[in-house]
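Fold and geometry: a report
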Amino acid sequence: MEGHSQYTPKSGFARWLERRLPILSFMHGSFVSYPTPKNLNYMWVFGAILSFMLVAQIVTGVVLAMHYTPETTLAFDSVEKIMRDVNWGTVLRYAHANGASMFFLAVYLHIFRGMYYGSYKDPREVLWILGVVIFMLMMATGFLGYVLPWGQMSFWAATVITNLFSAIPVVGTAITTWLLGGYSVDNPTLNRFYALHYLVPFIIVAIVALHVWALHVTGQNNPSGVEVKDIKKETVPFTPYATMKDAVGIAAFLVVYAWLTFFVPNYLGHPDNYIEANPLVTPPHIVPEWYFLPFYAILRAIPNKLLGVTALFASILITAALPWLDTSKVKSAVYRPLFRKEFWIFVAVCIGLGYLGAQPAEGAYLWFARVLSAYYFLHFLVILPVIGKVEKPEPVPESIDASIMRGETSHV
Amino acid sequence: MTSKDTAAKPAEPSRRDILYIATGAAAAGAAAGMVWPLIAQMNPDASTLALASTEVDLSSVPEGQIVTVKWRGKPVFVRHRTPAEIKAAEDTPLSVLPDPEADSKRVQKPEWLVIIGVCTHLGCIPTGKEGEYNGWFCPCHGSVYDLSGRIRSGPAPTNLEVPPYAFIAESKIKIG
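Looking at an unreviewed UniProt entry, one finds chain B named Ubiquinol-cytochrome c reductase iron-sulfur subunit, with Methylocystis rosea as its source organism. The annotation that UniProt attaches to chain B under Sequence similarities (unreviewed entry) is "Belongs to the Rieske iron-sulfur protein family."

Shown next as structure tokens:
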């Protein structure tokens, strides 16, 4: 999208550089004059928050790596050493561990924002799919990192997740052995998980660059879901408008992050992870980190190994097909009365699955998990395609300006 | 080649086309060969592959007890079954088993049950003397095993595995 002001190099050096590598005009076009719809609400600050969290996780992670030892007999103690001996080690570790939770909180809000306002629809399908790829890489990174402290939950999470692959017919066991580097989770596993936990975040950085590139080609969606028609009238330059608004969002987000880190640093953790890994004892009740609970509930809901694992992966991958499963031409839920209700039911189903994922897999919990898992898939495969056909949308404004004149700027 | 030549004989591969394809194929083969060590290095190394064996003295295991020994990094359950437990395991009709296997096929001496203590669902360690059949219960996802280590309910697809073992004395076994 063409920006508001054209960059003109002012200094002699800038002119010299511009002719050789036009990076200054590229940055100006992407982050200063880049046009943002003027009706964006605060749900649009999560892109900036997520960028901030990615950097925060990499910075705290790199410094923690300077003190951590990826060896089964030393790993747990090296983490305790970080907590007790390393200067600021307690804060750095708690910031990194809770940073993962905040990162996932932000990404879930970002994803639900996209679902509510139909941000995945034409022409933003590739942008959306890149987002799903980033989400899956985040899940991989979060899992790999959770194994490193080598506590009981670390060890058994590694065991359960690597064994998911053993459900694959014929080659499953060979794949699991290959992933583990042995017949059970042991030193080779910890060593490679550490190497990969360090690598994957940088792959995320690369995919985020593609995600932002795709965003800047199509332009941002907005609460009305109506595409920008007049850049001069309906958009404002990214700097200062979006940068300042994002800064407010990040500051508010940091309040929660700081509260978690400094006041209740172990609230979201599991006490069993302060017990060193013991390959001969499975904790009586193992649960993943909160951000994996809905998917864990889906896995446990199905009393068949292969189908359960398939459902787990399908529940994530299905989101990539959203642009084609949602048949409605109208993007924003603001003008979709039926979808608007269904959206909140779906949010409730996801939260319900999260709750059930933390409960024992038995009795009534199991049956609720089955009902909600079924609803989760019905939402994507049946309800969304059907709603798009039968729903009568409310009149969509002709333009962003028309939407603002209707007084629709105050959603969220 | 001029455009006229190409138009005249469009489908005729030249010597040069074949050389191009052969060169490309050789390069692809070489690249695959170079990638292989990068993938294969993740498989178990020589020290992991070296098969360890474990000896267990059974005389120290009283009737009704389960001991857990470590073999190849995995727990192995050795259960000294009581006559009632043996009877319950033997009397179970195969028709009620998801993975039908007779108890006699899973033991060498009926009083000694030797099984790998790794749930066949996702690799957790089941806890002994729990679950509906007082066999094993997996706390992770609720698989229930009976007194022969056979899957009875829950998501696990197969029975607990029986490791290779042999009686090297009246009350001593060697696993592996």
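This is not the end of the story, as more comes after the structure.
The next point concerns the pairing of strand β10 (residues 172-175) of chain B. Residues and elements named next belong to chain B. The alternating pattern of β10 places I173 and I175 on a buried face, while none of K172 and K174, on the opposite face, is buried. As judged from the four bridges shared by strand β1 (residues 54-57) and β10, these two strands associate in the antiparallel manner. The residue bridging T54 from the neighbouring strand is I175, located in β10. Here four bridges tie strand β9 (residues 165-169) to β10, and the two strands are oriented antiparallel to one another. Looking at the pairing, A166 lines up with K174 of β10. What sits between β9 and β10 in their antiparallel hairpin is a turn of two residues.

Tallied over the entire structure, the rule returns 17 salt bridges over all chains. Of the charged contacts, one joins R106 of chain B and E101 of chain B as a salt bridge, the two residues approaching to 2.9 Å between their closest N and O atoms. Judged by its relative accessible area of 2%, R106 of chain B is buried. Accessibility expressed as a relative area gives 27% for E101 of chain B, which makes it partly exposed. Linked through salt bridges whose partners overlap, the residues forming this network are K121, D326, R336 and E391 of chain A.

Note on terminology: a disulfide is the covalent bond linking the sulfur atoms of two cysteines. Residues and elements named next belong to chain B. Summed over all chains, the structure comprises one disulfide over all chains. Linked covalently through their sulfurs, C124 and C140 form a disulfide whose S-S length is 2.0 Å. Since a negative S-S torsion denotes a left-handed disulfide, the C124-C140 link at about -100° is left-handed. Highlighted residues: C124 in the loop between β4 (112-116) and β5 (127-128) and C140 in the loop between β6 (136-137) and β7 (144-145), separated in sequence by 16 residues. Taken as a pair, C124 and C140 share a single burial class, namely buried. Counting only cysteine sulfurs, C138 is the nearest neighbor of C119, a cysteine outside any disulfide, at a range of 3.8 Å. Residue classification places C119 among the buried positions, given a relative accessible area of 4%.

So, how was this worked out
Residues numbered from 1 in each chain as written. Chains lettered and ligands numbered in written order. Predicted model: local features only at pLDDT ≥ 70, side-chain atom pairs only at ≥ 80, totals over all residues. Heavy atoms only, no water. UniProt positions renumbered as here; feature names shortened; annotations may be inferred. Buried < 20%, exposed > 50% of the residue type's maximum accessible area, 1.4 Å probe, protein only. Helix = DSSP H or I, 4+ residues; strand = E, 2+ residues; numbered from the N terminus. Pairing = 2+ DSSP bridges. Salt bridge = Lys/Arg side-chain N within 4 Å of Asp/Glu carboxyl O. Disulfide = S-S within 2.5 Å.

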